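Reading the structure
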Amino acid sequence: MPCPWYQHGMCTSSKLAEPTDAIVSIERCTSENIYRNCSYYVELSTFNQKHQHIRRERMIKIYPPIHALPQSSVIECPDAELINLGNGVKIGYCKILDRPLTRYEISVCNKDWQYCPYRLATPTG
C-alpha cells in the first residue's frame, strides 16, 4: 500500500504547512512500507485523533496544485468555507457555486467578496 499522504503526486502530510511535490520520491511514496521511514510520515490513527474531518455527501474533486491551501489560510467571504479534507489537504469551498475554489480565487474572494457577482445575483432569504 502506498503512503496515505501521497495524493496526486504531492505530499499532503499534516507535518507540512501546505501540500508540496518538492519532497516527493516516487519510489519511497509508492512503496509497500519504506515510506514509514520518511520524516513527514504520520500514522493515520494519530492524525485522526487530533483532527476532525468534514464529510460531504458527495466526493469533492480537487487538483492539489491549484486547490490546496496552506493550513494558516483564512477566507473573508461569508458564502465560502475552508474545509480540511481527510487526506490532509485544506481547500476553500464556495457555497454559492457549490465547488472548490482555486488559490487565485481565494485571494480574489478575500479582497473583493462584497462585489462578487455570484453573491449579488443570489437572492437573500
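Report follows, based on the coordinates. (Residues numbered from 1 in each chain as written. Predicted model: local features only at pLDDT ≥ 70, side-chain atom pairs only at ≥ 80, totals over all residues. Heavy atoms only, no water.)

The next thing to look at is the environment of Lys15. Turning to its location among the elements, Lys15 is positioned in the loop between β2 (10-11) and α1 (26-29). Residue Lys15 is classed as exposed on the basis of its relative accessible area, which comes to 51%. Considered as a pair, Lys15 and Val42 are 27 residues apart in the sequence and their alpha carbons are 7.8 Å apart. Aside from chain neighbours lying at most four places away, what touches Lys15 is Ser39, Tyr40, Tyr41 and Val42. There is a polar contact of 3.0 Å between the side chain of Lys15 and the backbone oxygen of Ser39. (Helix = DSSP H or I, 4+ residues; strand = E, 2+ residues; numbered from the N terminus. Buried < 20%, exposed > 50% of the residue type's maximum accessible area, 1.4 Å probe, protein only. Contact = heavy atoms within 4.5 Å. Polar contact = N/O pair within 3.5 Å; in protein donor to acceptor, adjacent residues only side chain to side chain.)

In the Ramachandran plot, His8 falls in the positive-phi region, its phi being about 55° despite a non-glycine side chain. When you line up the elements, His8 lands in the loop between β1 (6-7) and β2. The phi dihedral of Asp98 is positive, around 55°, even though this residue is not glycine. Relative to the helices and strands, Asp98 is located in the loop between β4 (90-94) and β5 (99-101). Since its relative accessible area comes to 41%, Asp98 is described here as partly exposed.

Scanning the entire structure with this criterion turns up 1 cavity of 30 Å³ or more. Quantified by volume, the largest cavity comes out at close to 90 Å³. Taken together, 13 residues line the largest cavity, and the ones lying closest to its centre are Cys3, Cys11, Arg28, Cys29 and Cys38. For the lining of the largest cavity, a count of residues per class yields 11 nonpolar, 1 polar and 1 charged. (1 Å grid on protein atoms, 1.4 Å probe; cavity = no way out; pocket = protein on both sides within 12 Å on 5 of 7 lines; lining within 4 Å. Points joined across faces, edges and corners; volume = space filled by probe spheres on them. Nonpolar A, V, L, I, M, F, W, Y, C, P; charged D, E, K, R; others polar.)

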